[in-house]
There are 2 protein chains.
Amino acid sequence: MTDTPLRIGIAGLGTVGAATLGYLTGENARIAARAGRALRVDAVVARDRTKDRGVDMASLRWFDDPIAMASDEGVDLYVELMGGADGVAKASVEAALAAGKPVVTANKALLAHHGAALAELAERTPGASLHYEAAVAGGIPAVKALREGLAGNGVTRVSGILNGTCNYILTEMAGTGAAFGDVLAEAQRLGYAEADPTADVGGFDAAHKLAIMAAIAFGRRIDFDGVRIEGIESVAAEDIVAARDMGYVIRLLGVAERGAAGVSQRLRPCLTPAESPLGKIAGVTNAVMLEGDAVGATILTGPGAGGGPTASAVLADIVDVARGNTPPTFGVAAAALTPADDGANDADRGAFYLRVMLEDRPGTLAEVAAALGRSGISIHRMRQHDHADGAAPVTIVTHACDLAEIEAAKERIAALDVCTASPVSMRIVES
Amino acid sequence: MTDTPLRIGIAGLGTVGAATLGYLTGENARIAARAGRALRVDAVVARDRTKDRGVDMASLRWFDDPIAMASDEGVDLYVELMGGADGVAKASVEAALAAGKPVVTANKALLAHHGAALAELAERTPGASLHYEAAVAGGIPAVKALREGLAGNGVTRVSGILNGTCNYILTEMAGTGAAFGDVLAEAQRLGYAEADPTADVGGFDAAHKLAIMAAIAFGRRIDFDGVRIEGIESVAAEDIVAARDMGYVIRLLGVAERGAAGVSQRLRPCLTPAESPLGKIAGVTNAVMLEGDAVGATILTGPGAGGGPTASAVLADIVDVARGNTPPTFGVAAAALTPADDGANDADRGAFYLRVMLEDRPGTLAEVAAALGRSGISIHRMRQHDHADGAAPVTIVTHACDLAEIEAAKERIAALDVCTASPVSMRIVES
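So, how was this worked out
Residues numbered from 1 in each chain as written. Chains lettered and ligands numbered in written order. Predicted model: local features only at pLDDT ≥ 70, side-chain atom pairs only at ≥ 80, totals over all residues. Helix = DSSP H or I, 4+ residues; strand = E, 2+ residues; numbered from the N terminus. Rg over C-alpha atoms; globule rule 2.2 N^0.38 Å. Buried ≥ 20, exposed ≤ 12 C-beta atoms within 10 Å, placed from the backbone. Contact = placed C-beta atoms within 7 Å. Least-squares fit on C-alpha atoms with pLDDT ≥ 70 in both. Core = buried A, V, L, I, M, F, W, Y, C linked by C-beta atoms within 7 Å. Expected span 1.5 Å × (residues − 1). Arc of directions from axis to C-beta. Domains from an automatic or database assignment. Nonpolar A, V, L, I, M, F, W, Y, C, P; charged D, E, K, R; others polar. Pairing = 2+ DSSP bridges. Axes fitted to C-alpha atoms, helices over the stretch in contact; angles between N-to-C directions. Parallel < 35°, antiparallel > 145°, perpendicular 65-115°, else oblique. Left-handed = near helix turned anticlockwise from the far one by under 90°. Bend = angle between axes of the 7 residues up to and from the residue. pLDDT = per-residue confidence, 0-100.

A. The arrangement of the overall build of chain A in detail. What chain A contains, in helices and strands, is 14 helices and 18 strands. In terms of C-alpha radius of gyration, chain A reaches 24 Å, essentially the compact-globule figure of 22 Å for 431 residues. Across its three principal directions, the C-alpha atoms of chain A cover 80 × 45 × 35 Å. For chain A, the residues scored as buried account for 55% of the 431 residues in total. Partitioning the contacts of chain A with sequence separation of at least 6, the portion at a separation of at least 24 is 75%.

Set out below in C-alpha cells:
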C-alpha cells in the first residue's frame, strides 16, 4: 500500500456528493484499505459553503470554478457530481481528461450525449480515464457487471427497469387502481418524483442509462438519439387491469438487443409476464438483465437512486482508480466502437396490446376489427370492458405483427367516428 | 492494443475447460478486443488427448503435468479448471504463483481451504495474482460485485442461494409434494445432481462459496472450518407444507453477517418468506444478496453452474488479467485480513421452526409444550398435522429465542416417550 494519497476533488455536494464526501471522510481507513492507497478529499466545489454537511470541511480547498479545480495540480482525481449534459459539467470533465486525470462521474446525460467524444479524449490522453458506474442504475454494479463481468460474452440483449420513479408509479397504479396523474401527484408529495417529472415519466432518464449499457454491450458508439423513447404518461388504469387479466404487468422497459437489422434500442412501457424476472420488480427498485452467449441471463436488482446507493457506485469507481483498474470507457478501444445501426428500431415484430376507447353503440367492435384486418393484423384476444362514462375501453392482443402495421392500424382506428380518444399500444414481451 | 499475445495454459478440459477453450478460439477476436490484447491458448492439460472438443487442438502444446505447464516459460497465464482442494490443483496453482504468474481458477474448494496462504503467496510474488470469479455462483459476477462494485461499503451481510442442485430439489419438493429422496433420485436421473450428492445436498459446495464471499465482504482470513453447515437431507415434505401454510418457503441459505459477537457464517435450510427476494428464487438459479451501509441491498441472480456460465466467469478473469486489473485476492492486502471470530455462530437468536413427530395419543402435545417451556422457549404457533402412518407431525414456530435454547429443547423432546423421531429445527429469516 502506497502512502502517497490519491487527492480527490469533488464538484457538486448535493445528495450524492455529500454522501460520497461523508464516506470518504468518515470511513476513510476502511475504504483506503480496499483501495490499497491513502485517499484524501482535497478540494470541493459547491454552491453553498455554509451548509452543514455533517463533515468537517475546514481542511478542504474550496473552488468556485469546477474547471479550475479539475485542472488544478493538487487534484489527482476529478469527481463530477453536478449533473447536466453540457455546460460546466462537460467542460470540467474535458479539462480533467485533457490534463491526464481519471474522472469519476454519475452524470448519465453527459455520457449519453457526449460519451463517444469523451471516451476518445480519455483514450488519447495518457493518464486519463472515465468512470461512470453511478450513471447506470445507482447502487447496482451494472456497468462493472457488463463491461468486466460479461467481458467474454457475445451480448445478445440488455434490458431493465431503469427508472425507480416510473416503476413506483406503475406499481402503485396496479396496487390502488388509481390514475396515472393521481399517483404521480402522490409520488411528488412523497419525494419520489421531481416537481418537473418529464425526465422520469417521459423515459429520458432511463433512456440515458439504456444508451450507455447498449454502447458497452455491443461495442457501439453511444447513440442516445437512436433510442426510441416512449414514457408512461399514456398508461391508464384500464391498461393495468387488462394486462393483469392476462397475467401481465406493465413495466417501463429499456431493451437493447441485437437482431437481424442490427442493434435496436427501445425504452417504452411494455406488458411483461407478472411472474417474469422483470415483471416481479416492484416499487422504486431497479433491475438490469444481461444476456450473453456464454452466461445465458444474469439479473441484478437494487436501489437505482438515492445518496447512499449512488455514492456506493462513485466510491467503487474511486477505488478502481486507486487500484489502477482503468478499462476502456466502453469496454473496447474508442476507435473500435462501431457506428449505430440506423433503422434497427423499426424491425419490431411481436405481439402487441392495443386499447381503443369507443362509443358504446352496436357495431363499433366490428369497425375496429375491420380496421385491424385491413392493416394485416390478426387478433389473438379482444375484450370490451365495463365503463361508466360513455366511452367503452376495448382491449386487444394481436398475434405477432410489425410495429408499422400497428401504427397503421392505430391511424385507421383513430379516424373512425366511433373512436373517442387516440388508441394506445404497447409491446408484449415474454421476458 | 498490444500485439504481444497473452499466452494461456489451461489445465482441465472438462465441461468448463472445453467451453472456455471453445470461446477463446471461436470468439478470439471479439474477446481480444475487450481484453485490449491478443489472447492465445498455448498449452493444455487434459486426460484424454483424443476426445473431440469441437476445437482444432493441433497447434496446442500438450502437457501431462499441470505443474510443468504452470511453470513453463511459454505460459503467461495459468488457468486451473481441474478442481480438488489439494493435490495437483493446489500444487500447480502454487507453482504458477511462485513463478510470478496470474492464475485464474474456478476451484472453490481450493480457495475455501487454502485461500489465505495462496493470497499471501500471490501478494509477495511480483507478477502473481489470483482470480476466481468462477468459484462463486458460476456466471453471476458476484466476486466482482462484492470486491469491486461494493468496495466502498461497510458490508453488513452477504447471503444467497449458492447451490442450484439444492434449490432445484427444494423447489421440486414444493411443487410436487414428493419426498427428498425421490426428488434427489429424479435430479440425479436428469443430471442436476451428482451420483454422490454429498457435496451438494450436504451444503459443502455452497459453504465453500459462502466462505469465499465472507472473506471478501468482511476482510477476514478465509475460514471454511468456521462455517456452520447443515444440508437439506432432513427437510421433509411436511416441513415444506407447514412452511407454505405460513407464507414461507424453505431455501438452503448461506448467510455471513456482522453481529455483536463478530462475523457469523451459516449455511443451512431456512424458512424465508415466499415473497422475499431469495424466497422467489426457484429451480437451479443461484442468487447472491449483498448488503452494505451505502448501497443498502443489491441482489444478483443467474446460472450458478454449467459450462457456458462458468466459462463466462473464467473469461472475465482472463480479460481482467489482460487489462491489468489485478486487485488484492480478497479485496485488501493479505496481511490486513483479520482473523476469524470464534463463537460468532453461536450468537444465533431469532424465531425458529420445529417439527416433532409424535405418537398420536392424548397428552402428547402438552408434553412437547412443557419441554419447550422448560427450555425457556415461548410458542408463537403450534399445529398438529394430518398423518397416515401412526406418527403425527407437529409443527411449531417459536418467538425469538437462542439457538442454544432450541438445541436444548430438541434434546428434551427427543427424550420423550411419545417422540418417534429426532426433532427437526430450522431458522426463520425475514429476508
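That shown, we press on.
B. Examining the relation of the copies chain B and chain A more closely. For the pair chain B and chain A, the best superposition has an RMSD of 0.0 Å and corresponds to a rotation of 180 degrees with a translation of 0.0 Å parallel to the axis. Expressed as a symmetry operation, the mapping of one chain copy onto the other fits a two-fold axis. Proximity to the rotation axis, assessed at the C-alpha, singles out Leu300(B) in chain B; its C-alpha lies 2.2 Å from the axis. When you check the interface residues of chain B against chain A, 100% turn up at the interface there too, and the contact is symmetric in its surfaces.

C. Structural detail: the nonpolar core. Ranked by size, the top nonpolar core spans 296 residues in total, and within it Met213(A) and Met213(B) carry the most contacts. The residues touching Met213(B), leaving out its near neighbours within four places in the chain, are Val136(B), Ala142(B), Leu146(B), Val158(B) and Ala256(B).

D. Structural view of helix α14 (residues 403–414) of chain B. Residue and element names in this part refer to chain B. The terminal C-alpha atoms of α14, which comprises 12 residues, lie 16 Å apart, in line with the 16 Å expected from a rise of 1.5 Å per residue. Burial in α14 covers these residues: Ile-406, Ala-409, Lys-410 and Ile-413. Buried residues along α14 cover an arc of 105 degrees about the axis, so they all sit on one side. Residues of α14 that are buried sit in contact with β14 (352–359), α13 (364–374), β17 (401–402) and β18 (424–428).

E. How the structure looks around the domain arrangement of chain A. All names here are of chain A. Domain boundaries in chain A define domain 1 (2–140 + 312–336), domain 2 (142–298 + 340–345) and domain 3 (348–428). Spacing between the C-alpha centres of domain 2 and domain 3 amounts to 24 Å. Sorting the residues of the side of domain 2 that touches domain 3 by element identifies α11 (237–245), β9 (248–259) and β10 (262–273) as the ones contributing at least two each. By residue number, the principal contributor to the side of domain 2 that touches domain 3 is β10, which donates four residues. Within the side of domain 2 that touches domain 3, the residues separate by chemical class into seven nonpolar, two polar and three charged.

F. Structural context of the interface of chain B and chain A. Facing 49 residues of chain B, the contacting portion of chain A comprises 49 residues. For the side of chain B that touches chain A, the secondary structure elements donating two or more residues are α2 (28–35), α6 (142–149), β12 (296–303) and α12 (307–323) of chain B. With nine residues, α12(B) is the single largest residue contributor to the side of chain B that touches chain A. A breakdown of the residues in the side of chain B that touches chain A according to their chemical character gives 25 nonpolar, 16 polar and eight charged. Bridging between strand β12 (residues 296–303) of chain A and β12(B) involves three bridges; their strand directions are antiparallel.

G. Examining the environment of Pro423(B) more closely. Residues and elements named next belong to chain B. By the element assignment, Pro-423 lies in the loop between α14 and β18. Put simply, Pro-423 and Glu-411 are 12 residues apart on the chain and 8.3 Å apart in space, counted from C-alpha to C-alpha. In this structure Pro-423 touches Leu-354, Arg-355, Val-356, Lys-410, Ile-413 and Ala-414, once residues within four positions along its chain are discounted.

H. Spotlight on unusual backbone geometry. The phi angle at Ala137(A) is positive, at roughly 60 degrees, despite the residue not being glycine. Secondary-structure assignment places Ala137(A) in the loop between β6 (129–131) and α6 (142–149).

I. Fine view of the packing of helix α2 (residues 28–35) of chain A against helix α12 (residues 307–323) of chain A. All names here are of chain A. Between α2 and α12, whose axes approach to 8 Å, the crossing angle comes to 50 degrees. In terms of axis orientation, α2 runs oblique to α12. Residue-level contacts link Ile-31, Arg-34 and Ala-35 of α2 to Leu-315, Val-319, Ala-322 and Arg-323 of α12. When the residues that make up the contact of α2 with α12 are grouped by side-chain class, the tally is five nonpolar, no polar and two charged.

J. Quick look at the environment of Lys101(B). Within the fold, Lys101(B) resides in the loop between α4 (87–98) and β5 (102–105). Setting aside its immediate chain neighbours within four residues, Lys101(B) contacts Asp76(B), Leu77(B), Tyr78(B), Ala96(B), Gly127(B) and Ala128(B).

K. Summary view of the environment of Ala415(A). Secondary-structure assignment places Ala415(A) in the loop between α14 (403–414) and β18 (424–428). Given 9 C-beta atoms within 10 Å, Ala415(A) falls into the exposed group.

L. Expanded view of the packing of α13(B) against α14(B). Residues and elements named next belong to chain B. One way to put it is that α13 packs onto α14 with a least axis distance of 9 Å and a crossing angle of 145 degrees. For the pair α13 and α14, the crossing hand works out as right-handed. In this structure, α13 contributes Val-368, Ala-371, Leu-372 and Arg-374 to the contact, and α14 contributes Ala-409, Arg-412 and Ile-413. Across the contact of α13 with α14, the residue classes tally to five nonpolar, no polar and two charged.

M. Structural detail: the pairing of strand β10 (residues 262–273) of chain B. All names here are of chain B. Along β10, 10 of the 12 residues are buried, which leaves the element largely enclosed by surrounding structure. The pairing of strand β8 (residues 228–229) with β10 spans two bridges and is parallel. Within the sheet, the bridge partner assigned to Arg-228 lies in β10 and is Arg-266. Sheet topology places strand β9 (residues 248–259) next to β10; 12 bridges connect them, and they run antiparallel. Across the sheet, Arg-258 pairs through a bridge with Val-263, a residue of β10. If you look at the hairpin formed by β9 and β10, you'll find two residues sitting between the two strands. Taken together, the two bridges between β10 and β18 define a ladder with parallel strand orientation. Residue pairing in the sheet places Cys-270 in a bridge with Arg-427 of β18.

N. The arrangement of helix α5 (residues 108–124) of chain A in detail. Residues and elements named next belong to chain A. The first and last C-alpha atoms of α5 sit 22 Å apart over 17 residues, in line with the 24 Å expected at 1.5 Å per residue. His-114 marks the point of greatest bend in α5, at about 85 degrees. On its buried face, α5 sits against α4 (87–98), β5 (102–105), β6 and α10 (204–218).

O. Seen up close, the confidence of the model for chain A. Within chain A, residue pLDDT values average 95, and 99% of them lie at 70 or more. Here the predicted complex scores 0.96 on pTM and 0.95 on ipTM.

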